[in-house]
Amino acid sequence: MASSTAINHPLYASLSPKLSLSNSSDRLQPPAAVSLRSSSSVSPSYVELTWTANSGLTAAVARARVATRSRICASSAAQVMDTETGVSGAPTPTIVEVDLGDRSYPIYIGSGLLDQPELLQRHVHGKRVLIVTNTTVAPLYLDKVVEALTKGNPNVLVDSVILPDGEKYKNMETLMKVFDKAIESRLDRRCTFVALGGGVIGDMCGFAAAAFLRGVNFIQIPTTVMAQVDSSVGGKTGINHPLGKNLIGAFYQPQCVLIDTGTLNTLPDRELASGLAEVVKYGLIRDAEFFEWQEKNMKALMARDPSALAYAIKRSCENKAEVVSLDEKESGLRATLNLGHTFGHAIETGFGYGQWLHGEAVAAGTVMAVDMSYRLGWIDDSIVNRVRSILEQANLPTAPPDTMTVEMFKSVMAVDKKVADGLLRLILLKGPLGNCVFTGDYDRKALDETLRSFCKS
């Protein structure tokens, strides 16, 4: 699909001038940024808030370790999956908890978890369940999930709605199919929605659950690397708009996230690589040790080594859980998880939803963000080279499509969710590996130079 269809939308003419991405002497000052640092003189859960004007949010801050009920910690690959078995003889899953007070929930990680009905059933509160899935995943796992929800539990009635597969269907028209099925099935406020699929299904099902009857329970069962390491965790839900990705949605937390790593056996190679873009992100912004592990194990990840994949999923979930626990609704700290996404979302919107997978666009966007960071003098060239190298190892693109122009990037970035008071804030690397900033305080010339260097016009 030609990208000009979205970019030439008549609303762009009125939207784009609100944000100038070129250098300007009368630019508004960036909003104050919040920094968090832990204190060793108080309890482990203490966090000090310090407001500083015109400063970025550092990743040293983002690494603040707040004690959560999951006792999150870095582990070696050999420690990833708990080999103990429960009473039933099934492997005990690894559990990472997202600590949000009364909205806290567990992330279960392990192979064969869909064969353990009690894990799902303990999070179903009423007698009605609606599974939201797509045409690709339904033939593979729908029956297994229905069985997991109903085995030994005959009072539960399960309905399902099967949506078309693809990012281009992440829109209001498709979302209405979920509401249609829920209303036709006469579901009530004690029902539970179950998202079975990748990031698109998780985002749409979660948004439907947030809106149906003003909020019903929902469960995430992610079946792609992208969803397992990122989109299923943290409660971001929503749909796309022709003018921008994920501009319509809500923060709405699930009852649990059940990650059966066995579902990755049916994942296409391209989808596998796409998900690894988000794994790389965690290492770059806040976990240098994890990034170094990825450099040594990328071949194993691409070869679907079970231990390597399990560790990558677990460590990614731990990183995201820590950030979400500190900043659930993205007031500052959580925005650092969007490294490369501002450029990447522009690629997805401009090039056409679904033409590139989300992780492919994020990979190219990450290289652009790293290039800009280097132009600002915030990182050295060794980090630039390492980022390119690891993404190439993952068979991910390191530049946007040839059809993307500077003006296309600027038009879409003008309506990015991180724009505040007309100022585009970006996540950029700064300092040693594992450090980043979320800031609007940067030289606009560097952004223009990056865009020109990656675009033919």
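**Student:** Help me out: how do you make sense of helix α14 (residues 381–393) in this one?
**Tutor:** Look at α14: 18 Å from first C-alpha to last across 13 residues, which is about the 18 Å you get at 1.5 Å a residue. Residues of α14 that are buried: Ile383, Val384, Val387, Ile390 and Leu391. Along the axis of α14, the buried positions cluster into a sector of 140°, meaning they face one direction only. Contact partners of the buried residues in α14: α9 (269–286), α10 (288–302), α13 (358–375) and β14 (426–429). Downstream of α14 by a residue or two, asparagine 395 has a phi angle that is positive, lying close to 60°.

**Student:** Could you clarify how one ought to interpret the pairing of strand β9 (residues 236–241) in this entry?
**Tutor:** A regular strand carries its side chains on alternate faces of the sheet. Judged from the five bridges that link them, β9 and strand β10 (residues 244–251) form a sheet pairing that is antiparallel. Bridging from a neighbouring strand, lysine 236 pairs with phenylalanine 251 of β10. Here β9 folds back onto β10 in antiparallel fashion, the turn holding two residues.

**Student:** Hey, could you run me through the pattern of salt bridges in this one?
**Tutor:** When charged atoms on two side chains of opposite charge get close, those side chains can pair. Taken as a whole and assessed by the stated rule, the structure comprises 23 salt bridges. In this structure, the salt-bridge partner of aspartate 115 is lysine 144, at a minimum N-O distance of 3.0 Å. Taken together, the positions of aspartate 115 in the loop between β4 (105–110) and α4 (117–121) and lysine 144 in helix α5 (residues 138–150) put the pair 29 residues apart, joining distant regions of the chain. When its relative accessible area of 31% is taken as the criterion, lysine 144 is described as partly exposed. Arginine 375 serves as the salt-bridge partner of glutamate 449, at 3.9 Å between the closest nitrogen and oxygen. Within this pair, whereas glutamate 449 is found in helix α16 (residues 444–454), its partner arginine 375 is found in helix α13, the two being separated by 74 residues in sequence. Assessed through its relative accessible area of 36%, arginine 375 is described here as partly exposed. Connected through shared salt-bridge partners, Asp230, Glu278, Lys281 and Lys320 make up one network.

**Student:** Whenever I open this one, the nonpolar core confuses me. Can you help?
**Tutor:** Note that soluble globular proteins tend to have their nonpolar side chains buried in a common cluster. Membership of the largest hydrophobic core comes to 85 residues, with the highest contact counts inside it found for Ile107, Phe343, Met372, Phe409 and Leu447. In this structure, phenylalanine 343 is in contact with Gly365, Met368, Ala369, Met372, Phe409, Met413, Leu447 and Leu451, ignoring residues within four places of it in sequence.

**Student:** Got a minute to help me understand unusual backbone geometry in this structure?
**Tutor:** For residues other than glycine, phi is negative in most cases, and the peptide bonds are mostly trans. Positive phi is not limited to glycine here, since arginine 304 has a value of about 65°. Within the fold, arginine 304 resides in the loop between α10 and α11 (306–326). When its relative accessible area of 23% is taken as the criterion, arginine 304 is described as partly exposed. The backbone of glutamate 330 shows a phi angle near 60°, a positive value even though the residue is not glycine.

**Student:** Sorry if this is basic, but what is going on with the packing of helix α12 (residues 341–351) against helix α15 (residues 406–413) here?
**Tutor:** A pair of packed helices can be characterised by two numbers: the angle between their axes and the separation between those axes. Taken N-terminus to C-terminus, the directions of α12 and α15 make an angle of 105°; their axes are 9 Å apart at the nearest point. The angle between α12 and α15 places the two elements in the roughly perpendicular class. Across the interface between the two elements, Thr342, Phe343, His345, Ala346, Ile347, Thr349 and Gly350 of α12 pack against Met408, Phe409, Val412 and Met413 of α15. Here the residues of the contact of α12 with α15 sort into seven nonpolar, four polar and no charged.

What counts and how
- Residues numbered from 1 in each chain as written.
- Predicted model: local features only at pLDDT ≥ 70, side-chain atom pairs only at ≥ 80, totals over all residues.
- Heavy atoms only, no water.
- Helix = DSSP H or I, 4+ residues; strand = E, 2+ residues; numbered from the N terminus.
- Expected span 1.5 Å × (residues − 1).
- Buried < 20%, exposed > 50% of the residue type's maximum accessible area, 1.4 Å probe, protein only.
- Arc of directions from axis to C-beta.
- Contact = heavy atoms within 4.5 Å.
- Pairing = 2+ DSSP bridges.
- Salt bridge = Lys/Arg side-chain N within 4 Å of Asp/Glu carboxyl O.
- Core = buried A, V, L, I, M, F, W, Y, C linked by side-chain atoms within 4.5 Å.
- Axes fitted to C-alpha atoms, helices over the stretch in contact; angles between N-to-C directions.
- Parallel < 35°, antiparallel > 145°, perpendicular 65-115°, else oblique.
- Nonpolar A, V, L, I, M, F, W, Y, C, P; charged D, E, K, R; others polar.

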